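Chains, contacts and geometry: an overview
Residue strings, one per chain:
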Amino acid sequence: MILLAAAVTLAPAVMTRFGFTGFVALYGVAALAWLPLVRRSLPFGITILLAISLRLVFLFQEPFLSGDVYRYLSDGRVSASGGNPYAYTPSDPRINHPEIRSIYPPLAQLLFRAVHDLTAWRLLLIVADLAAIVLLRRRGALAYATCPLVLFEGVANAHIDLLAGVLLAFALTPRSAIAAGLASGLK
């Protein structure tokens with residue numbers, strides 16, 4: 001657990017210092033440290049505490065693998081100011097392919113409009129992620145809570161896929177088929 005936490009905490013600095021190759025090596029360390037946790041469980045309160053701690057590491061960090069979140073935030077600002085994110089090309093230099101108009105569906109655009117600040121967006125993702133851990137409470141909560149892929153792509157890079165995944169997890173429970181439709185509406 002300590003090795004996994006160290007790898008997660010050091011990821012942004014390693015990416016800055018050693019580039020993508022350094023990150024891949026660190027990701028390998030994180031994945032190897034995570035594997036023994038896949039079949040283990042801890043008291044639920046400790047699992048939640050670990051999940052929150054590992055996610056808060058990234059709350060104020062700049063994304064280090066993908067700039068997709070900057071498109072979300074840009075689309076949200078345009079929409080919140082009364083503009084149409086499908087009718088403009090962004091000028092933010094952090095956005096990949098600024099020559100392309102938004103590709104995100106209307107449900108995602110509604111979320112971007114509501115939350116178009118990076119820290120607030122990450123907080124939304126963390127809350128959704130914690131809901132997924134609660135859904136997995138009986139089985140797999142620790143594995144999900146400490147999964148490097150979820151931490152790096154979902155939280156650190158703030159991908160909307162995290163929300164879609166949480167909605168799909170909810171849809172697989174007997175609670176809501178509507179969640180499956182919402183998940184598809186995000187991506």
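Residues numbered from 1 in each chain as written. Predicted model: local features only at pLDDT ≥ 70, side-chain atom pairs only at ≥ 80, totals over all residues. Heavy atoms only, no water.

1. Side note on the overall build of the protein chain
This is how the line gets drawn: A run of H or I in DSSP becomes a helix once it reaches four residues, and a run of E becomes a strand once it reaches two; helices and strands are each numbered from the N terminus. Accessibility here uses a 1.4 Å probe with only protein chains present; expressed as a share of the type maximum, an area under 20% marks a residue as buried, one over 50% as exposed, and anything in between as partly exposed. What sets the accessible areas is the Shrake-Rupley method with a 1.4 Å probe; for residues, cover comes only from the shown protein chains. Note that His is not counted, nor are the chain ends; the positive residues are Lys and Arg, and the negative ones are Asp and Glu. The atom standing in for a charge is NZ when the residue is Lys, CZ when it is Arg, CG when it is Asp and CD when it is Glu.
In terms of helices and strands, the protein chain carries nine helices and zero strands. When the helices and strands of the protein chain are placed in sequence order, the string is α-α-α-α-α-α-α-α-α. The C-alpha extent of the protein chain, read off along each of the three principal axes, is 50 × 45 × 20 Å. The buried share among the 187 residues of the protein chain stands at 46%. Counting only carbon and sulfur atoms, one obtains 66% of the accessible surface of the protein chain, whose full area is about 9800 Å². Here the protein chain contributes 15 positive and 9 negative side-chain charges, whose respective centroids are spaced 11 Å apart.

2. Notes on the pattern of salt bridges
Cut-off, in case you're wondering: Note on definitions: salt bridges are taken to be side-chain nitrogens of Lys or Arg within 4 Å of carboxyl oxygens of Asp or Glu.
Enumeration over the complete set of coordinates arrives at two salt bridges. Arg 94 serves as the salt-bridge partner of Asp 92, at 2.9 Å between the closest nitrogen and oxygen. Judged by its relative accessible area of 14%, Asp 92 falls in the buried class.

3. Regarding the environment of Ile 2
Inspection of the secondary structure assignment puts Ile 2 in helix H1 (residues 2-34). Taking the C-alpha atoms as reference, Ile 2 lies 38 Å from Ala 177; in sequence the two are 175 residues apart.

4. Quick look at the packing of aromatic side chains
Defined as follows: Centres within 6.5 Å are what make two rings of Phe, Tyr or Trp a pair, Trp counting through its six-membered ring; a difference in plane orientation under 30 degrees is then read as stacked, over 60 as edge-to-face, and the rest as tilted.
In total, this model carries 13 aromatic pairs according to the counting rule given. Judged by centre distance (5.5 Å) and plane angle (65 degrees), the ring pair of Phe 23 and Phe 64 falls under edge-to-face. Here Phe 64 lies in the loop between helix H2 (44-56) and helix H3 (68-80) and Phe 23 lies in helix H1, a separation of 41 residues in the sequence. Here Phe 23 and Phe 64 have matching classes, each one buried. Grouped by ring-pair contacts, the aromatic residues Phe 20, Phe 23, Tyr 27, Phe 58, Phe 64 and Phe 152 constitute a single cluster.

5. So, unusual backbone geometry
Unlike most non-glycine residues, His 97 shows phi in positive territory, near 50 degrees. Unlike most non-glycine residues, Ala 158 shows phi in positive territory, near 55 degrees. For Ala 158, a relative accessible area of 0% puts it in the buried group.

6. Looking at the packing of helix H8 (residues 161-171) against helix H9 (residues 178-186)
Rules: Think of each axis as a best-fit line through the C-alpha atoms, taken over the contacting stretch in the case of a helix, with angles from 0 to 180 degrees between the N-to-C directions. Under this scheme an angle from 65 to 115 degrees is roughly perpendicular, one under 35 degrees roughly parallel, and one over 145 degrees roughly antiparallel; angles in between are oblique. In this scheme the handedness of a crossing depends on how the near helix is turned from the far one: anticlockwise by less than a right angle means left-handed, clockwise means right-handed. Two residues qualify as a contact provided that any one of their heavy atoms is within 4.5 Å of a heavy atom in the partner residue. In this classification, Asp, Glu, Lys and Arg are treated as charged, Ala, Val, Leu, Ile, Met, Phe, Trp, Tyr, Cys and Pro as nonpolar, and every other residue, Gly included, as polar.
One way to put it is that H8 packs onto H9 with a least axis distance of 8 Å and a crossing angle of 165 degrees. Judged on the interaxial angle alone, H9 and H8 are roughly antiparallel. Like other packed secondary-structure pairs, H8 and H9 cross with a definite hand, here left-handed. Only Ala 179, Ala 180, Leu 182, Ala 183 and Leu 186 of H9 make contact with H8, whose side of the interface consists of Leu 163, Ala 164, Leu 167, Leu 168, Phe 170 and Ala 171. Residues of the contact of H8 with H9, tallied by class, amount to 11 nonpolar, no polar and no charged.

7. Considering the packing of helix H5 (residues 118-135) against H8
In contact at an axis separation of 9 Å, H5 and H8 are set at 25 degrees when each is read in the N-to-C sense. One finds that H5 runs roughly parallel with respect to H8. The element H5 and its partner H8 pack so that their crossing is left-handed. Judged by residue contacts, Trp 121, Leu 124, Leu 125, Ala 128, Asp 129, Ala 132 and Leu 135 of H5 engage Leu 162, Leu 163, Val 166, Ala 169 and Phe 170 from H8. Considered class by class, the residues forming the contact of H5 with H8 number 11 nonpolar, no polar and one charged.

8. Considering a nonpolar patch on the surface
The test is simple: Surface patches are defined over residues having more than 30% relative accessible area and no salt bridge, joining like charges when they lie within 9 Å and nonpolar side chains (Val, Leu, Ile, Met, Phe, Trp, Tyr) when within 5 Å.
Residues Met 1, Leu 42 and Ile 46 make up a contiguous nonpolar surface patch of roughly 220 Å² in combined accessible area. With relative accessibility at 33%, the residue Leu 42 sits in the partly exposed group.

9. Regarding the side chain of Ser 102
This is how the line gets drawn: Any pair of nitrogen or oxygen atoms within 3.5 Å is treated as a polar contact; in protein, a donor-acceptor pairing is required on top of that, and neighbouring residues in sequence qualify only through side-chain atoms on both sides.
As for its placement among the helices and strands, Ser 102 is situated in the loop between H3 and helix H4 (106-114). Among the polar contacts listed, one links the side chain of Ser 102 to the side chain of Asp 75, at a separation of 2.4 Å. Residue contacts for Ser 102: discarding those within four places in its chain leaves Arg 71, Asp 75, Pro 85, Tyr 86 and Gln 109.

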